[in-house]
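Now for the letters of each chain:
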Amino acid sequence: MRRPLSKRGMEPGGGDASLTLHGLQNRSHGKIKLRKRKSTLYFNTQEKSARRRGDLLGENIYLLLFTIALRIINCFLVQTSFVPDEYWQSLEVSHHMVFKYPLWFLFQTMSVICLLACDGMEHIWIPRLAQALLSAVADVRLYSLMKQLENQEVARWVFFCQLCSWFTWYCCTRTLTNTMETVLTIIALFYYPLEGSKSMNSVKYSSLVALAFIIRPTAVILWTPLLFRHFCQESRKLDLILHHFLPVGFVTLSLSLMIDRIFFGQWTLVQFNFLKFNVLQNLGTFYGSHPWHWYFSQGFPVILGTHLPFFIHGCYLAPKRYRILLVTVLWTLLVYSMLSHKEFRFIYPVLPFCMVFCGYSLTHLKTWKKPALSFLFLSNLFLALYTGLVHQRGTLDVMSHIQKVCYNNPNKSSASIFIMMPCHSTPYYSHVHCPLPMRFLQCPPDLTGKSHYLDEADVFYLNPLNWLHREFHDDASLPTHLITFSILEEEISAFLISSNYKRTAVFFHTHLPEGRIGSHVYVYERKLKGKFNMKMKF
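Computed from a predicted model, the values in this text were never measured in an experiment. (Residues numbered from 1 in each chain as written. Predicted model: local features only at pLDDT ≥ 70, side-chain atom pairs only at ≥ 80, totals over all residues. Heavy atoms only, no water.)

Right, let's get into the overall build of the chain. Scanning the chain from terminus to terminus reveals 24 helices and 5 strands. A total accessible area of about 28,300 Å² is found for the chain, and carbon and sulfur atoms account for 64% of it. (Helix = DSSP H or I, 4+ residues; strand = E, 2+ residues; numbered from the N terminus. Areas by Shrake-Rupley, 256 points an atom, 1.4 Å probe, with all protein chains shown as cover.)

Set out below in structure tokens:
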């Protein structure tokens, strides 16, 4: 073995040193060739190892840590209110259960929050931080998927678009079911059998879709074209249904039924009730309605923001295999357009799909790339900071003030709060966390089918002054504090003066007041001339 090596290594003036040098070079070349061997076993092992790391950490540990850190910052830089559901369908429900009626299984999962929340607001921030963590995982999954489907460059720009989206920043750390639906949709897409994907897994993606459906039944709208495509392209259709879709659907629906049985005390199919309330009875219109074209003319362009031109450009450039994503976006917008009640957050789950096209657009920009990136980043930064720190923050700030009123009052039963705002404008006990008597204007939807139904809030706003005089007919029934929007002050000034209320706090709310919503939130406190018992009327 050494003799041929010596002959190759023997050169004029080379000697033994030349022999040794060439020997080392040859051994080095041998190692390089070994690494380039096309061994099936070798590559399968490497791919499985990489996939295991991906399942745990996303693309790599540094990318994951960076994204988690960014979303935690994101969480603390969102200090405004969006919609009542982020409190009244999550935090208020859990706060009521933990601190009033702790169920045995719920107490186990929320005992830490219960302990921490005894002297602070950690019970608000912990769910939001958990949501931030899940959103970070979803962001990394989107990057990993695009790296599989395309290359690292495309993946980077899709990731960039996802992270700098102002609406994603605004929503992704809020305790909304729409946020969880979006997170599960992104992670499910990672396992969906897209052309070129190396992580496809029918059981995993269908389980995530089923979970999204249980959390928010509208998830079925977005996933209908994707499921239909998978079914059409699957060669073993019966096997897909019998061994994947049906078992996953049965297990998740059974778990949902059992959980709802415990909470409601009777067998309840929440998904059917959701469909009945919002679609069959169309009772969502009680909370507002918009024209059929609203999502196309306003909703979709607003949530995309300055990403819109890049999305349109990317739709023209993207390969045919991404048509299913575009079809899913259009299908979702069309179906939601058929419902009278429309909100920006309803179409939030399609936003990551749009980022794929935006990233593809940025990849192919040449001349105007740097100006385009600067424009995209700065415009979204402004919108994210403004909506997260300025717009609609008064209704949260005022509840922090009320918490201080409660804690600073040695006799908590002597103070009482009446919130004279459109119902559910503010959070409730989850943000006060103090046994302070509080009341707000009620607005339950009409389930009886009355043609001219008016809730308590509607009756109040027809004539606020007369309503207040009728409701609080004597001094003993008056609350110690009133909370209202600034727009109402002039109309009820006579009541405020006669009942000896003085404005004690003002909180900025919005630069864009409209209807019953004012620019500021006012707090009035009743100044007592003498001591007498004041109890709140409920």
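With that settled, the discussion passes to the packing of aromatic side chains. What the rule picks out here adds up to 34 aromatic pairs. Between phenylalanine 167 and tyrosine 348, the aromatic rings sit 5.7 Å apart at their centres with planes inclined by 80°, giving edge-to-face as the arrangement. Of this pair, phenylalanine 167 sits in helix H9 (residues 166-171) while tyrosine 348 sits in the loop between helix H17 (323-337) and helix H18 (351-364); the two residues are 181 residues apart in sequence, bridging distant segments of the chain. For the pair shown, phenylalanine 167 and tyrosine 348 are each scored as buried. Summarising the aromatic geometry, the rings of phenylalanine 460 and tryptophan 467 are spaced 5.2 Å apart at their centres and angled 85° between planes, so their arrangement reads as edge-to-face. By relative accessible area, which is 0% here, phenylalanine 460 ends up buried. Taking NZ or CZ as reference, arginine 174 lies 4.4 Å from the ring centre of tyrosine 170, over its face. Directly above the ring of phenylalanine 231 sits lysine 237, whose terminal nitrogen or CZ lies 5.7 Å from the centroid. (Phe/Tyr/Trp six-rings, centres within 6.5 Å; stacked < 30°, edge-to-face > 60°. Buried < 20%, exposed > 50% of the residue type's maximum accessible area, 1.4 Å probe, protein only. Lys NZ or Arg CZ within 6 Å of the ring centre and 35° of its normal.)

Attention now goes to the packing of H17 against H18. Contact pair H17 / H18: the axes reach a minimum separation of 9 Å and the direction vectors enclose 135°. Here H18 runs oblique to H17, going by the angle between their axes. Judged by the twist between their axes, the crossing of H17 over H18 is left-handed. Two secondary-structure elements touch here, H17 through Leu325, Leu326, Thr328 and Val329 and H18 through Phe353, Cys354, Val356 and Phe357. For the contact of H17 with H18, a count of residues per class yields 7 nonpolar, 1 polar and no charged. (Axes fitted to C-alpha atoms, helices over the stretch in contact; angles between N-to-C directions. Parallel < 35°, antiparallel > 145°, perpendicular 65-115°, else oblique. Left-handed = near helix turned anticlockwise from the far one by under 90°. Contact = heavy atoms within 4.5 Å. Nonpolar A, V, L, I, M, F, W, Y, C, P; charged D, E, K, R; others polar.)

This next bit is on helix H4 (residues 61-76). The end-to-end C-alpha distance of H4, which contains 16 residues, comes to 23 Å, matching closely the 22 Å that a straight helix rising 1.5 Å per residue would cover. Among the residues of H4, those classed as buried are Leu63, Leu64, Thr67, Ile68, Leu70, Arg71, Asn74 and Cys75. Along H4, the residues classed as buried sweep out an arc of 165° about the axis, all on the same side. Of the residues flanking the start of H4, the one acting as N-cap is asparagine 60, its side-chain oxygen 3.0 Å from the backbone nitrogen of tyrosine 62. (Expected span 1.5 Å × (residues − 1). Arc of directions from axis to C-beta. Polar contact = N/O pair within 3.5 Å; in protein donor to acceptor, adjacent residues only side chain to side chain.)

What follows concerns the sheet that holds strand E4 (residues 501-508). Read from one edge of the open sheet, 5 strands run E2-E1-E3-E5-E4, paired in mixed fashion. Strands at the two margins of the open sheet, each flanked by one partner only, are strand E2 (438-440) and E4. Across the sheet, the axes of successive neighbouring strands diverge by a mean angle of 20°, strand direction being ignored. Relative to strand E5 (residues 520-526), strand E3 (residues 481-485) is paired through 5 bridges, and the arrangement is antiparallel. Counterpart to leucine 482 in the pairing with E5 is tyrosine 524. Most of the contacts of helix H20 (residues 394-408) go to E4, to which it runs at about 130°, and overall it touches strand E1 (417-420), E2, E3, E4 and E5. (Pairing = 2+ DSSP bridges.)

Next up on the list: helix H15 (residues 294-304). Of all the residues in H15, the buried ones are Trp294, Tyr295, Gly299, Phe300, Ile303 and Leu304. The buried residues of H15 occupy one face: seen down the axis, they fall within an arc of 150°. Buried residues along H15 sit in contact with H9, helix H16 (308-317), H17 and H18. Positive backbone phi, at 60°, marks glycine 305, one or two positions downstream of H15.

The next subject is the side chain of asparagine 74. In this fold, asparagine 74 is placed in helix H4. From its side chain, asparagine 74 meets the backbone oxygen of tryptophan 169 in a polar contact 2.9 Å long.

Another point: the pairing of E3. For E3, the tally of buried residues reaches 5 of 5 residues, placing the bulk of the element in the interior. Where burial is concerned, the two faces of E3 agree: the one with His481, Ile483 and Phe485 and the one with Leu482 and Thr484 are both buried.

Here we take up a nonpolar patch on the surface. On the surface, Phe250, Val251, Leu255, Met258, Ile259, Ile262, Phe263, Phe264 and Trp267 cluster together into a nonpolar patch covering about 970 Å² of accessible area. Checked against the element boundaries, phenylalanine 264 lands in helix H13 (residues 237-264). What makes phenylalanine 264 exposed here is its relative accessible area of 52%. (Patch = residues over 30% accessible without salt bridge, like charges linked within 9 Å, V, L, I, M, F, W, Y side chains within 5 Å. Salt bridge = Lys/Arg side-chain N within 4 Å of Asp/Glu carboxyl O.)

Turning our eyes to something else, we now look at the nonpolar core. Counting 83 residues, the largest nonpolar core has Phe167, Trp223, Phe300 and Tyr322 as the members making the most contacts within it. Dropping the residues within four chain positions of it, tryptophan 223 is found in contact with Thr185, Ala188, Leu189, Tyr192, Tyr205 and Val209. The next biggest cluster of nonpolar side chains, apart from the first, holds 22 residues, and it includes Ile417, Cys434, Ile483 and Val521. (Core = buried A, V, L, I, M, F, W, Y, C linked by side-chain atoms within 4.5 Å.)

Now for the state of the cysteines. One covalent bond between the sulfur atoms of two cysteine residues makes up a disulfide. This model, assessed by the stated rule, comprises 2 disulfides. Put simply, cysteine 406 and cysteine 434 are joined by a disulfide, and their sulfur atoms are 1.5 Å apart. Of this pair, cysteine 406 sits in helix H20 while cysteine 434 sits in the loop between helix H21 (429-432) and E2, placing them 28 residues apart in sequence. By the burial criterion, cysteine 406 is buried, and cysteine 434 matches it. Covalent S-S linkage joins cysteine 423 and cysteine 443, the inter-sulfur distance amounting to 1.5 Å. A torsion of 80° about the S-S bond marks the disulfide between cysteine 423 and cysteine 443 as right-handed. In this pair, cysteine 423 sits in the loop between E1 and H21 while cysteine 443 sits in the loop between E2 and helix H22 (456-462), placing the two residues 20 residues apart along the sequence. Overall, the relative accessible area of 7% leaves cysteine 443 in the buried class. (Disulfide = S-S within 2.5 Å.)

Turning next to the confidence of the model for the chain. The pLDDT averaged across the chain works out to 84; a share of 82% of its residues lies at or above 70. Mean pLDDT values over the elements of the chain span from 40, in helix H1 (residues 2-9), up to 98, in H9. Low pLDDT (under 50) marks residues 101-119, which in the prediction has 20 contacts with non-local residues, meaning those over four places away or in another chain. A low-confidence stretch, residues 531-538 stays under pLDDT 50, and its non-local contacts, those more than four residues away or across chains, total 28 contacts. (pLDDT = per-residue confidence, 0-100.)

Further remarks concern unusual backbone geometry. Its identity is not glycine, yet histidine 424 carries a phi of approximately 65°, on the positive side. Classification of histidine 424 by relative accessible area gives partly exposed; the value is 26%. A positive phi is found at asparagine 500, a non-glycine position, where the angle reads about 65°. Residue placement: asparagine 500 occurs in the loop between helix H24 (493-498) and E4.

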